Amino acid sequence: QVQVVESGGGLVQPGGSLRLSCVASGSSASIYDMHWFRQAPGKQREWVASLSSGSSTYYTDSVKGRFTISRDNAKNTVLLQMNSLEPEDTAVYYCRTDTSLGRFWGQGTQVTVSS
């Protein structure tokens, strides 16, 4: 099994920044792609960004130019730097790690953008 733990959420004013972290641990499984998703109240979970094992990055249109996904391989950590945050970015943010043992989700971290 792989444990996935997100951190870094919080309350921020519109235009502000947050950096989310996701750490995968607990197994010798090979880690492939890592992803961020989010779920706003009353809405379905949506994909936000991905980082492939080859270090390619992908973003949903609404966050392009504002969010940056990156990975620290030594720490099995994926980061999501979020700038110019908008109230519409308010959601619980989830990390998913794709490994040789399957896909594993974290419990999520709340991001609230409000004045």
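Right above here is the structure, for reference.
About the cut-offs
- Residues numbered from 1 in each chain as written.
- Predicted model: local features only at pLDDT ≥ 70, side-chain atom pairs only at ≥ 80, totals over all residues.
- Heavy atoms only, no water.
- Helix = DSSP H or I, 4+ residues; strand = E, 2+ residues; numbered from the N terminus.
- Contact = heavy atoms within 4.5 Å.
- Lys, Arg positive; Asp, Glu negative; His and termini not counted.
- Charge placed at Lys NZ, Arg CZ, Asp CG, Glu CD.
- Pairing = 2+ DSSP bridges.
- Axes fitted to C-alpha atoms, helices over the stretch in contact; angles between N-to-C directions.
- Core = buried A, V, L, I, M, F, W, Y, C linked by side-chain atoms within 4.5 Å.
- Buried < 20%, exposed > 50% of the residue type's maximum accessible area, 1.4 Å probe, protein only.
- 1 Å grid on protein atoms, 1.4 Å probe; cavity = no way out; pocket = protein on both sides within 12 Å on 5 of 7 lines; lining within 4 Å.
- Points joined across faces, edges and corners; volume = space filled by probe spheres on them.
- Nonpolar A, V, L, I, M, F, W, Y, C, P; charged D, E, K, R; others polar.
- Disulfide = S-S within 2.5 Å.

## With respect to the overall build of the chain
Within the chain, the secondary structure is distributed over zero helices and 11 strands. Reading the chain from its N terminus to its C terminus gives the helix and strand order β-β-β-β-β-β-β-β-β-β-β. Here the C-alpha coordinates of the chain stretch approximately 45 × 25 × 25 Å along the principal axes. Excluding contacts between residues fewer than 6 apart, the proportion of contacts in the chain whose partners are at least 24 apart in sequence is 53%. Across the chain, the centroid of the 10 positively charged side chains sits 3 Å from that of the 9 negatively charged ones.

## Describing the sheet that holds strand β8 (residues 77-82)
As summarised here, the arrangement of the four strands in space is β1-β3-β8-β7, forming an open sheet in which the pairing is antiparallel. At either end of the open sheet lies a strand with only one pairing partner, and these are β1 (3-7) and β7 (67-72). Going from strand to strand, the sheet's axes swing by 15 degrees on average, the running direction of each strand aside.

## Examining the side chain of threonine 60
You can see threonine 60 is positioned in the loop between β6 (57-59) and β7. Discounting chain neighbours no more than four positions away, the residues touching threonine 60 are Trp47 and Val48.

## Thoughts on the nonpolar core
Trp36, Leu80, Met82 and Tyr93 are the most contacted members of the largest nonpolar core, which totals 28 residues. Of all the elements in the fold, those that place two or more residues in this core are β3 (18-25), β4 (31-39), β5 (46-51), β7, β8, β9 (91-99) and β11 (109-113). At four residues, the largest contribution of residues to this core is made by β3. With residues near it in sequence (within four places) discarded, methionine 82 still touches Gly16, Ser17, Leu18, Leu20, Arg66, Phe67, Tyr93 and Val111.

## Digging into empty space enclosed by the protein
Taken as a whole and judged by the stated rule, the model has one cavity of 30 Å³ or more. Space inside the largest cavity adds up to approximately 40 Å³. Around the largest cavity, the lining residues are Val2, Ala24, Ser25, Ser27, Ala29, Ile31 and Asn76. Here the residues of the lining of the largest cavity sort into four nonpolar, three polar and no charged.

## Describing the state of the cysteines
This model, assessed by the stated rule, comprises one disulfide. The disulfide partner of cysteine 22 is cysteine 95, and the S-S distance across this bridge is 2.0 Å. A torsion of -75 degrees about the S-S bond marks the disulfide between cysteine 22 and cysteine 95 as left-handed. Of this pair, cysteine 22 sits in strand β3 while cysteine 95 sits in strand β9, and the two are 73 residues apart along the sequence. The two residues cysteine 22 and cysteine 95 agree in class, both being buried.

## A short note on unusual backbone geometry
Positioned with a positive phi, serine 55 is a non-glycine residue whose angle comes to about 75 degrees. Within the secondary structure, serine 55 is located in the loop between β5 and β6. Assessed through its relative accessible area of 54%, serine 55 is described here as exposed. Non-glycine residue serine 84 carries a positive phi angle of around 50 degrees. Among the structural elements, serine 84 can be located in the loop between β8 and β9.

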